[in-house]
Protein chains: 2
Amino acid sequence: MTEGTGQATAGVTVEHHLLAEVVTRQLEAMLSVGNYDAVKLLLEPVQPVDVAEAIGNLRQNLQAIAFRLLSKDEAISVYEYLDTVTQQNLLSLLRSGEMQEVMEEMSPDDRARLFEELPAKVVRQLLDQLSPEERKVTAELLGYEAETAGRLMTTEYIALKENQTALEALDIVRRRARDTETIYSLYVTDNERRLTGILSLRDLVTADPHTLIRDVMTEEVLSVRTNTDQEKVARTIQRYDFLAVPVVDLEQRLVGIVTVDDVIDVIEQEATRDLYAAGAVQAGDEDDYFSSNLFTVARRRVVWLAVLVVASFFTSEVIAANEEVLQKVVLLAAFIPLLGGTGGNVGAQSSTVVIRGLSTQSISALGPLKAVGREAMAGALLGILMMILVVPFAWWRGESPLVGLSVGMSLLAITTLAATAGAAFPLLFDRMGLDPALMSTPFITTCTDVAGTLIYLKTAEWLLVNLPQLLTAAGISTQIAPVLLS
Amino acid sequence: MTEGTGQATAGVTVEHHLLAEVVTRQLEAMLSVGNYDAVKLLLEPVQPVDVAEAIGNLRQNLQAIAFRLLSKDEAISVYEYLDTVTQQNLLSLLRSGEMQEVMEEMSPDDRARLFEELPAKVVRQLLDQLSPEERKVTAELLGYEAETAGRLMTTEYIALKENQTALEALDIVRRRARDTETIYSLYVTDNERRLTGILSLRDLVTADPHTLIRDVMTEEVLSVRTNTDQEKVARTIQRYDFLAVPVVDLEQRLVGIVTVDDVIDVIEQEATRDLYAAGAVQAGDEDDYFSSNLFTVARRRVVWLAVLVVASFFTSEVIAANEEVLQKVVLLAAFIPLLGGTGGNVGAQSSTVVIRGLSTQSISALGPLKAVGREAMAGALLGILMMILVVPFAWWRGESPLVGLSVGMSLLAITTLAATAGAAFPLLFDRMGLDPALMSTPFITTCTDVAGTLIYLKTAEWLLVNLPQLLTAAGISTQIAPVLLS
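Predicted, not measured: the structure shown is a model, and the values here were computed from it.

Caption draft 1: Geometry of helix H19 (residues 336–359) of chain A. Residue and element names in this part refer to chain A. For H19, which comprises 24 residues, the first-to-last C-alpha distance of 34 Å matches the rise-based estimate of 34 Å (1.5 Å per residue) to within 8%. Taking burial as the measure, the 24 residues of H19 include 23 buried ones, the bulk of the element. Where H19 ends, the next residue or the one after it, Gln361, has phi of about 60°, a positive value.

Here it is as structure tokens:
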């Protein structure tokens with residue numbers, strides 16, 4: 001899609017979804033009485049993305065009618081914004097002749113994304129109808145791996161030659177302005193299509209008309225490869241405040257560009273993925289969580305839950321194996337959730353900051369070892385601070401200073417361990433080339449639970465069972481033990 | 001800052017932080033032997049953001065020397081990218097005369113952000129040195145509330161008049177190109193500075209030179225107000241694929257524009273905030289987590305931890321109050337973490353998808369009541385699925401079908417409750433105008449823990465204590481009770 005310029009429907013303050021709803025209702029009313037001229041008038045000043053949402057909200061049979069009422073140019077830009085279900089519906093309802101032009105004129109990157117979702121048979125048909133050139137481009141884009149620069153890029157850009165003058169170049173820009181994704185970043189290539197320089201329309205507009213492109217362009221070009229991960233592409237554009245970044249193949253040949261609007265969606269998608277991972281929800285096509293059916297929802301959540309339940313069986317085993325000490329002081333059980341919860345929360349905090357730090361690259365200045373060390377110290381510090389709250393409570397509720405001591409000592413060990421693990425696992429995963437968010441917060445929480453419960457019950461056993469026995473054996477039970485256990 | 005065009009340092013594949021590190025080391029070596037010409041050569045082809053990072057990595061006294069070696073234009077753009085600490089350091093080390101020009105030429109929005117961080121005395125001094133015009137602009141920007149369009153916008157944009165020709169307009173664009181934030185979105189205002197239309201440089205370049213702006217521009221302008229929340233501004237630019245959005249005051253007067261590069265940072269910042277809330281870490285200036293000292297780190301984490309610890313005291317109380325049933329069947333304690341954990345995870349999943357759905361506005365199509373209803377059903381469904389795993393395990397480990405039954409029934413109740421609460425609380429907070437992320441995942445987890453433990457122990461008490469008593473009283477204990485309890 002091309003950059004918008006700011007045109008929109010009447011309202012000044014923006015309530016996107018309200019707007020689309022209003023348009024939908026008006027559209028429905030007009031279509032049902034067959035007042036097609038009113039529909040055209042209604043939709044004319046509305047932004048393509050809002051028209052697309054309104055059409056998507058209509059009943060299936062009305063969608064095709066509304067879509068037919070759009071002008072050719074409108075139809076093309078609206079179609080790119082429709083959700084996949086509506087796109088497919090229109091493909092099946094409208095005559096292939098009507099859709100052929102839309103397909104032909106779509107941005108190559110949007111078209112590739114649509115084709116990915118369609119059945120192979122339909123794709124073959126559509127590809128056959130495309131002009132040889134567009135067919136080649138689409139097949140090429142579909143050949144790149146998902147979530148790489150190759151898949152994200154568009155092949156519509158303006159390439160200039162070094163020996164053209166600024167005047168000639170401006171003329172090319174003028175002629176190509178209508179059918180290219182951006183005219184604001186311009187690329188200079190040699191006869192082998194190798195990228196040799198770059199300039200902005202700003203440079204071109206301010207240059208003397210007779211200067212050669214060679215003298216206006218910048219030779220130090222920052223580019224990405226077709227197989228560069230989409231998140232890295234996004235970070236590059238974000239860091240340098242680019243409007244677009246060129247994509248080259250192994251031979252340095254320019255094959256496409258990625259524009260800033262696509263990059264915003266990537267950043268959003270990656271953030272959703274990190275958040276979902278932290279919340280133990282499987283990543284999917286994140287946009288559709290609230291429109292997917294209950295079984296899809298359950299499927300995306302049940303796998304993680306099952307893993308976590310099985311992990312918590314180990315906690316149960318640890319408790320069952322230490323039944324003896326619990327039988328002796330039943331109140332010890334009262335602190336298991338407290339310790340597990342606090343450990344889990346500290347671990348979650350550490351993994352959250354580390355996973356986010358890896359995403360935004362703010363952790364790289366520190367190095368992994370130092371980062372883990374810092375978190376371990378933070379965990380210990382937090383443990384000590386929490387002891388101030390927890391030890392008096394445990395002493396009082398557990399009716400013994402030894403219970404308070406057991407809970408306090410375990411708390412310190414657990415928070416330190418949790419912070420260390422919470423920082424170390426995502427970093428380790430990242431080192432191994434895996435997604436650090438896989439080593440997600442709930443997983444660390446659950447691991448902390450098992451280890452924490454074991455530490456706690458063993459500490460309690462030693463202080464409440466073994467220590468008194470030792471004291472008795474040493475013959476000092478009568479003096480100290482009652483005081484400690486009272 | 002103005003949009004970059006893609007110029008960069010030599011390397012083609014991008015490893016941003018590695019690059020800055022290499023530059024830093026070279027810079028240090030050259031500065032320490034006083035080879036200043038080499039420094040100039042080294043930095044010349046490097047992007048401002050990379051130069052800024054390299055200078056930020058230097059020792060304090062070297063920072064000023066390196067900064068002085070930059071050309072005036074370079075110094076201005078590099079300064080905007082420096083972190084606040086380095087900016088302040090340079091302000092104090094360099095003569096005020098040297099910095100005056102940098103301050104004068106900075107983008108108004110970047111300057112306002114810097115002034116916010118400086119001590120009031122320094123700000124007053126710097127303001128005094130600015131030209132009256134820049135001083136007015138800065139004071140104005142500082143007057144808007146943080147995180148609104150007013151604070152995010154720049155006042156450097158190109159405004160045209162309706163009765164200018166395309167040729168005249170292009171000439172204005174050419175002249176203003178060097179000192180304005182973007183030349184790609186152009187704004188049309190009347191004599192009262194009211195925004196009457198908008199056009200893109202693309203429109204201007206392709207228009208007939210003698211056409212009036214009035215006939216090229218679009219009158220339906222989508223704009224935001226100075227007090228519009230920054231997240232809403234970001235969503236507008238993202239939704240419509242804009243490069244910039246105009247900001248107007250209550251009288252529809254154009255006061256500034258927000259550009260896409262600032263919006264990317266807002267989207268990133270909001271995502272970090274959501275993630276931190278989910279991980280019980282207090283939001284701050286998110287970028288600096290890994291560069292802040294241990295006590296700042298602890299402060300940002302301890303408040304949430306303390307709240308959660310106090311909440312978990314209630315769980316302890318619930319367990320202590322039900323000591324009796326635990327004394328009877330100690331193994332019941334083994335399932336407390338399992339039930340609490342599963343409930344917590346289901347609640348976390350629900351709050352994650354709802355909080356994210358509110359952020360990306362993907363939940364709005366569904367409406368709050370339906371969303372909660374869906375989550376409740378999903379919770380019940382997940383509870384039933386988990387029972388398949390958990391009931392046999394509890395039966396075997398608890399050595400009684402009644403333990404299995406208690407655990408299974410509680411599990412279903414807990415997952416349903418957790419999913420409902422996890423969805424309802426963020427939505428309620430959003431309704432009340434509060435940040436839904438405040439009703440964060442760990443809070444819901446902890447609440448679920450208290451309620452879940454109570455449900456479990458009461459169910460177990462009824463099935464394992466009350467039911468056998470009832471059966472005995474009815475005189476059927478000899479036939480059924482032993483079978484159930486064996």
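Alright, that's what it looks like, and here's the rest.
Caption draft 2: Seen up close, the interface of chain B and chain A. The interface of chain B with chain A comprises 137 residues on the first partner and 137 residues on the second. Regarding the contact of chain B and chain A, the summed buried area is about 13,000 Å², with carbon and sulfur atoms giving 63% of it. Among the residues chain B hides against chain A, the three largest losses belong to Arg202, Arg239 and Phe290 of chain B. Together they make up 7% of the total. The interface formed by chain B and chain A includes twelve salt bridges. Here Glu53 of chain A makes a salt bridge to Arg239 of chain B, at a shortest N to O gap of 2.8 Å. At the junction of chain B with chain A, the criterion picks out 40 residue pairs in polar contact (both at pLDDT 80 or more).

Caption draft 3: How the structure looks around the relation of the copies chain B and chain A. In the superposition of chain B on chain A (RMSD 0.1 Å, axial shift 0.0 Å), the rotation amounts to 180°. Given the turn and translation reported, the copies of this chain are related as if by a two-fold rotation axis. The residues that chain B uses at the interface reappear at the interface of chain A in 100% of cases, marking a shared surface.

Caption draft 4: Fine view of the pattern of salt bridges. Taken as a whole and judged by the stated rule, the model has 34 salt bridges over all chains. Between Asp50 of chain B and Arg239 of chain A there is a salt bridge whose closest N-O contact spans 2.7 Å. Highlighted residues: Asp50 of chain B in helix H3 (residues 48–57) and Arg239 of chain A in helix H15 (residues 230–240), drawn from two different chains. The residues Asp50 of chain B and Arg239 of chain A share a single accessibility class, namely buried. Two residues, Glu461 of chain A and Lys458 of chain A, come together in a salt bridge whose shortest N-O distance is 3.3 Å. Of this pair, Glu461 of chain A and Lys458 of chain A are both found in helix H22 (residues 441–473), three residues apart, which corresponds to roughly one turn of the helix. Assessed through its relative accessible area of 43%, Lys458 of chain A is described here as partly exposed. Three or more residues are tied together by salt bridges with common partners; here these are Asp50 and Glu53 of chain A together with Arg239 of chain B.

Caption draft 5: The arrangement of the nonpolar core in detail. Core analysis: the largest hydrophobic core is formed by 90 residues, its most contacted members being Leu199, Leu201 and Leu204 of chain A together with Leu199, Leu201 and Leu204 of chain B. Apart from residues no more than four positions distant in its own chain, Leu204 of chain A is found in contact with Ala166, Ala169, Leu170, Val173, Leu186, Leu199 and Ile213 of chain A. The next biggest cluster of nonpolar side chains, apart from the first, holds 78 residues, and it includes Leu332, Leu411 and Leu457 of chain A together with Ala394 of chain B.

Caption draft 6: Examining the UniProt feature "domain: CBS" (unreviewed entry) in chain A more closely. If you check UniProt for "domain: CBS" (unreviewed entry), the listed places come out as residues 153–216 and 217–275 of chain A in our numbering. This span, residues 217–275 of chain A, is 46% helix and 22% strand, and a straight line between its end C-alpha atoms measures 42 Å.

Caption draft 7: Molecular detail of the domain arrangement of chain A. The domains assigned to chain A are domain 1 (16–147), domain 2 (159–264) and domain 3 (291–485). The gap between the C-alpha centroids of domain 2 of chain A and domain 3 of chain A is 53 Å.

Caption draft 8: Spotlight on the UniProt feature "transmembrane region" (unreviewed entry) in chain A. Here the UniProt feature "transmembrane region" (unreviewed entry) sits at residues 302–320, 332–355, 376–396 and 402–429 of chain A. Here residues 302–320 of chain A is 100% helix and 0% strand, with 26 Å between the C-alpha atoms at its ends.

Caption draft 9: Structural view of the sheet that holds strand S4 (residues 224–225) of chain B. Residue and element names in this part refer to chain B. Within the open sheet, the three strands sit side by side as S4-S5-S6. Their pairing is mixed. What marks the edges here is a single partner per strand, and that holds for S4 and strand S6 (254–259). Along the sheet face, helix H15 (residues 230–240) touches S4, strand S5 (244–248) and S6 and points at about 140° away from the line of S5.

Caption draft 10: Examining the sheet that holds strand S1 (residues 159–160) of chain B more closely. Residue and element names in this part refer to chain B. Reading across the sheet, the three strands line up as S1-S2-S3 and stay open at both edges, with mixed pairing between neighbours. If you trace the sheet from one side to the other, it starts and ends with S1 and strand S3 (195–200), each paired once. Judged from the five bridges that link them, strand S2 (residues 185–189) and S3 form a sheet pairing that is antiparallel. Directly across from Tyr187, in S3, lies its bridge partner Ile198.

Caption draft 11: Spatial organisation of the packing of helix H19 (residues 336–359) of chain B against helix H21 (residues 401–431) of chain B. Residue and element names in this part refer to chain B. Across the interface, H19 lies against H21 with an axial gap of 8 Å and an inter-helix angle of 25°. Looking at the two axes, H19 sits roughly parallel to H21. Viewed along their axes, H19 and H21 form a crossing whose handedness is right-handed. Touching Leu339, Thr342, Gly343, Val346, Gly347, Ser350, Ser351, Val354, Ile355 and Leu358 of H19 are Val407, Ser410, Leu411, Ile414, Thr415, Ala418, Ala419, Gly422, Ala423, Pro426, Leu427 and Asp430, all from H21. Within the contact of H19 with H21, the residues separate by chemical class into 13 nonpolar, eight polar and one charged.

Caption draft 12: Region of interest: the environment of Gln87 of chain A. Residues and elements named next belong to chain A. By the element assignment, Gln87 lies in helix H6 (residues 84–93). For Gln87 and Gln63, which are 24 residues apart along the polypeptide, the C-alpha to C-alpha distance reads 9.9 Å. Here Gln87 is in contact with Tyr79, Glu80, Leu82, Met106 and Leu114, once residues within four sequence places are set aside. A polar contact of 2.8 Å, which involves the side chain of Gln87, links it to the backbone oxygen of Tyr79.

Caption draft 13: Summary view of unusual backbone geometry. Residues and elements named next belong to chain B. Its identity as a non-glycine residue notwithstanding, Arg193 has a phi of 65°, on the positive side. Of note, Gln252 is a non-glycine position whose phi angle comes to about 70°, a positive value. Relative to the helices and strands, Gln252 resides in the loop between S5 and S6.

What counts, and at which threshold
- Residues numbered from 1 in each chain as written.
- Chains lettered and ligands numbered in written order.
- Predicted model: local features only at pLDDT ≥ 70, side-chain atom pairs only at ≥ 80, totals over all residues.
- Heavy atoms only, no water.
- Helix = DSSP H or I, 4+ residues; strand = E, 2+ residues; numbered from the N terminus.
- Expected span 1.5 Å × (residues − 1).
- Buried < 20%, exposed > 50% of the residue type's maximum accessible area, 1.4 Å probe, protein only.
- Contact = heavy atoms within 4.5 Å.
- Buried area = accessible area lost by both parts, 1.4 Å probe.
- Salt bridge = Lys/Arg side-chain N within 4 Å of Asp/Glu carboxyl O.
- Polar contact = N/O pair within 3.5 Å; in protein donor to acceptor, adjacent residues only side chain to side chain.
- Least-squares fit on C-alpha atoms with pLDDT ≥ 70 in both.
- Core = buried A, V, L, I, M, F, W, Y, C linked by side-chain atoms within 4.5 Å.
- UniProt positions renumbered as here; feature names shortened; annotations may be inferred.
- Domains from an automatic or database assignment.
- Pairing = 2+ DSSP bridges.
- Axes fitted to C-alpha atoms, helices over the stretch in contact; angles between N-to-C directions.
- Parallel < 35°, antiparallel > 145°, perpendicular 65-115°, else oblique.
- Left-handed = near helix turned anticlockwise from the far one by under 90°.
- Nonpolar A, V, L, I, M, F, W, Y, C, P; charged D, E, K, R; others polar.

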